[in-house]
Amino acid sequence: NKLRNHTRSFSFHSHSHSHADLNPHPAGSAALPMLRASDLSDEEEAPVHADSPTPSSIDLADTPPLPYEETAQKEAEILGALEGVNAWGWDVFKLREVTGGRELQTLGWHLMRSWGLIEAFALDLSTLRRWLDYVASNYGDLPYHNSTHATDVLQTVHYMLETAEVRHYLEGDLMRSWGL
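Attention here is on the structure that accompanies the text. This is a predicted model, so every value here is computed, not measured.

### As for the overall build of the protein
Scanning the protein from terminus to terminus reveals 10 helices and 0 strands. Tracing the protein from N to C terminus, the helices and strands come up as α-α-α-α-α-α-α-α-α-α. Looking at the protein residue by residue over its 180 residues, the buried ones come to 28%. In the protein, the share of contacts with a sequence separation of at least 24, taken over all contacts with a separation of at least 6, comes to 70%. For the protein, the accessible area works out to roughly 11,600 Å², and carbon and sulfur atoms hold 56% of it.

### Re helix α4 (residues 72-82)
An α-helix turns once per 3.6 residues; consequently, residues spaced three or four apart project the same way. When α4 is considered as a whole, its buried residues turn out to be I78, A81 and L82. The arc that holds every buried residue of α4, seen down its axis, measures 105°, which confines them to one face. In α4, the exposed residues that point more than 90 degrees away from the buried face are A72 and Q73.

### A closer look at the nonpolar core
Ranked by internal contacts, the top residues of the largest apolar core, which has 13 residues, are I78, L82, W90, L95, V98 and L107. Secondary structure elements with two or more residues in this core: α4, α5 (92-99) and α6 (103-114).

### Observations regarding the pattern of salt bridges
Across all of its chains, the model carries 2 salt bridges by this definition. The shortest N-O distance in the salt bridge between R102 and E70 comes to 2.6 Å. Pair noted here: R102 is in the loop between α5 and α6 and E70 is in the loop between α3 (37-40) and α4, with a separation of 32 residues, a long-range link. Residue classification places E70 among the partly exposed residues on the basis of a relative accessible area of 25%. The salt bridge involving K74 is made with E77; its shortest N-O contact spans 3.8 Å. In this pair, K74 and E77 both sit in helix α4, 3 residues apart, roughly one turn of the helix.

### Regarding the packing of aromatic side chains
A full pass over the atoms with the stated rule returns 1 aromatic pair. Stacked on the ring of Y68, the Lys or Arg R102 has its end atom at 3.7 Å from the ring centre.

Each value, and the rule that gives it
- Residues numbered from 1 in each chain as written.
- Predicted model: local features only at pLDDT ≥ 70, side-chain atom pairs only at ≥ 80, totals over all residues.
- Heavy atoms only, no water.
- Helix = DSSP H or I, 4+ residues; strand = E, 2+ residues; numbered from the N terminus.
- Buried < 20%, exposed > 50% of the residue type's maximum accessible area, 1.4 Å probe, protein only.
- Contact = heavy atoms within 4.5 Å.
- Areas by Shrake-Rupley, 256 points an atom, 1.4 Å probe, with all protein chains shown as cover.
- Arc of directions from axis to C-beta.
- Core = buried A, V, L, I, M, F, W, Y, C linked by side-chain atoms within 4.5 Å.
- Salt bridge = Lys/Arg side-chain N within 4 Å of Asp/Glu carboxyl O.
- Phe/Tyr/Trp six-rings, centres within 6.5 Å; stacked < 30°, edge-to-face > 60°.
- Lys NZ or Arg CZ within 6 Å of the ring centre and 35° of its normal.

Shown next, in the form of structure tokens:
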């Protein structure tokens, strides 16, 4: 079983922990501030212009395959680790290894591209990069609930949506109802 194998590999259940041990904000520490869209934007307020990207003006071919720069060899290695992401047995740990700990940003970017969400919502690429970095950076160095676990959950949800053929419904009436 995928989840059981991942749980075992983290060796989380082999130790006894109280709920207090797992609190990412121990007594006396403050919770992280709420993220606002303006925190991610390049500009104070992004004005809407007639030449702003629209879903029809963004092309997947113009979107880089990774949210960060890599050598051609390293990029090929990372893209190789993403192969099979639609399968139940996909290896999140291989992605963690080849990305040097940027597995959540890499898979998030890959799935946003493959589901067509960057184009559909005319997402600003630099804002998306910063958002993915922000999300990943706010996972602590916990033995289980960390960015690798989040990446595994993201891939599992993707797998379930693909298996249920949800994409078919998104490409139909739902997307049209959003004006896309």
